Amino acid sequence: MRAIGYYQSLPANEPNALQDLDLPKPSPSGADLLVEVKAVAVNPVDTKVRQRRASENDTPVVLGYDAAGTVVATGPDVTDFKVGDDVYYAGDLTRPGTNAEFHLVDERIVGRKPESLSFAEAAALPLTAITAFEALFDRLKVNDPVPGNTRSLLIIGGSGGVGSIAIQLARQLTDLTVIATASRPESQAWCRELGAHHVLDHSKPMADQLEALKLDAPGFVFSTTHTGQHLDDIAAMIAPQGRFALIDDPEDLSIMPFKPKAVSVHWEFMFTRSMFQTADMKEQQTLLNRVSELVDAGKVRTTLSRTLDPINSENLLDAHRQIESNATIGKIVLTGF
């Protein structure tokens, strides 16, 4: 089968950083689905793994943590899907990725593709939807009020993939005032289009902007990018006894500024459930199906911003370079092998 992978961990400007490969077609066992991949999205995790993980025993590393496609075979323990079902999912960091013509995935982390979306539009959603949903409802528990009735949510990096979904989920599933951040006119407009009530410019001191808007201190803050740069601002803005969640990898994260306000700090990592085979792993199937319902009801939209065709090493490297620029809006998706 056709696939894209690499043997050496190289910068994205190196031509062999990703290579077109011919690999054996896998066979499903247990609770696995064999999916014919129709579209894949590219996320920051793809670039991070490429930069940090080399191949072992001459086995290429195949990346890809977002896909939409059709089930073509099932393992003997599968109960929720059948051949011919269209699905979408984010995969498992401990297994080969979705940048392949056929891909194995545990049914517990797979959702039914929104019927109203194309494969490309659907592939833009899974990783960011799981991350945003888990951050808001499992980590921050935004429906459990912070004392003082500070019913507002600040999303740092609102125009990225995760922020774009978090804005929409918060608007549709909560009564929170949603405050997003973005630094460029086009990214600020994107946040407002997705439903943010207010948008701050995170290239400037944000606490001053919040005060100028006469907004209450947010009880919840969700940081999706450059957390280390914004930590002092976040500590100044967040409400006493507020809750703070992050998903990025700051080089140094001192949470001491949060102590005076007794702020709780939460990491969100959407691969935790699949990586450790947690007892509640199937919650990801449930939430992906919930997102499908919201999409088909017209309440949540895809965050696809650019499509590349076909799925090959040249286009994937182009997408990796764009992601590494830290200037993308929404999601980049590749379609068709």
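This text goes with the structure placed above it.
Being a predicted model, the structure only gives us computed values, none of them experimental.

*Asks:* I keep staring at the overall build of the protein chain and nothing clicks. Help me out?
*Replies:* Helix and strand counts for the protein chain come out as ten helices and 15 strands. Its C-alpha atoms give the protein chain a radius of gyration of 20 Å, within 12% of the compact-globule value 20 Å for 337 residues. With respect to the principal axes defined by its C-alpha atoms, the protein chain has extents near 60 × 45 × 35 Å. For the protein chain, the computed accessible surface area is about 14100 Å², with 48% contributed by carbon and sulfur atoms.

*Asks:* I tried to follow the nonpolar core on my own but got confused; where do I start?
*Replies:* Within the largest apolar cluster, 87 residues are counted, with the highest numbers of intra-cluster contacts made by Leu136, Leu153 and Phe222. Here this core takes eight residues from helix α3 (residues 126-139), the largest share from any one element. One finds Leu154, Leu210, Val221 and Phe244 within the second-largest nonpolar core, a separate group that totals 16 residues.

*Asks:* What is the right way to read helix α9 (residues 283-296) from this model?
*Replies:* Side chains of residues three or four places apart in an α-helix project in the same direction, reflecting 3.6 residues per turn. Taking 1.5 Å per residue, 14 residues should reach 20 Å; α9 reaches 20 Å between its end C-alpha atoms and fits that length. Those residues of α9 not exposed but buried are Gln284, Gln285, Leu287, Leu288, Val291, Ser292, Leu294 and Val295. Considering only its buried residues, α9 is in contact with β5 (86-89), β7 (110-112), α3, α4 (161-173) and α8 (272-275). One or two residues past the end of α9 sits Gly298, with phi positive at roughly 80 degrees.

*Asks:* Whenever I open this one, unusual backbone geometry confuses me. Can you help?
*Replies:* The bulk of non-glycine residues show a negative phi, and the bulk of peptide bonds are trans. Here Asp309 and Pro310 are connected by a cis peptide whose omega angle stands at 5 degrees. Its location among the elements puts Pro310 in the loop between β14 (304-308) and α10 (313-324). Even without being glycine, His226 reaches a positive phi, approximately 50 degrees. With respect to the helices, strands and loops of the structure, His226 is situated in the loop between β11 (220-223) and α7 (227-237). For Gln277, which is not a glycine, the phi torsion comes out positive at approximately 50 degrees. Relative to the elements of secondary structure, Gln277 occurs in the loop between α8 and α9.

*Asks:* Before we go on, may I ask you to explain the packing of aromatic side chains in this structure?
*Replies:* Any pair of aromatic rings gets described here by the distance separating the centres and the angle formed by the planes. Counting across every chain of the model gives four aromatic pairs. Between Phe133 and Phe137, the ring centres sit 4.8 Å apart and the planes meet at 50 degrees, which makes this aromatic pair tilted. Of this pair, Phe133 and Phe137 both sit in helix α3, four residues apart, roughly one helical turn. Assigned by exposure class, Phe133 and Phe137 land together as buried. Considering the side-chain rings of Phe269 and Phe271, the 5.6 Å spacing of their centres and the 65 degrees angle between planes classify their relative orientation as edge-to-face. Here Phe269 falls in the partly exposed class, since its relative accessible area comes to 38%. Classification of Phe271 by relative accessible area gives buried; the value is 2%. Through successive ring pairs, a cluster of aromatic residues spans Tyr65, Phe269 and Phe271. Above the face of the Phe102 ring, Lys25 is positioned so that its terminal group lies 4.3 Å from the ring centre. Taking NZ or CZ as reference, Lys113 lies 5.1 Å from the ring centre of Phe119, over its face.

Definitions and limits used
- Residues numbered from 1 in each chain as written.
- Predicted model: local features only at pLDDT ≥ 70, side-chain atom pairs only at ≥ 80, totals over all residues.
- Heavy atoms only, no water.
- Helix = DSSP H or I, 4+ residues; strand = E, 2+ residues; numbered from the N terminus.
- Rg over C-alpha atoms; globule rule 2.2 N^0.38 Å.
- Areas by Shrake-Rupley, 256 points an atom, 1.4 Å probe, with all protein chains shown as cover.
- Core = buried A, V, L, I, M, F, W, Y, C linked by side-chain atoms within 4.5 Å.
- Buried < 20%, exposed > 50% of the residue type's maximum accessible area, 1.4 Å probe, protein only.
- Expected span 1.5 Å × (residues − 1).
- Contact = heavy atoms within 4.5 Å.
- Phe/Tyr/Trp six-rings, centres within 6.5 Å; stacked < 30°, edge-to-face > 60°.
- Lys NZ or Arg CZ within 6 Å of the ring centre and 35° of its normal.

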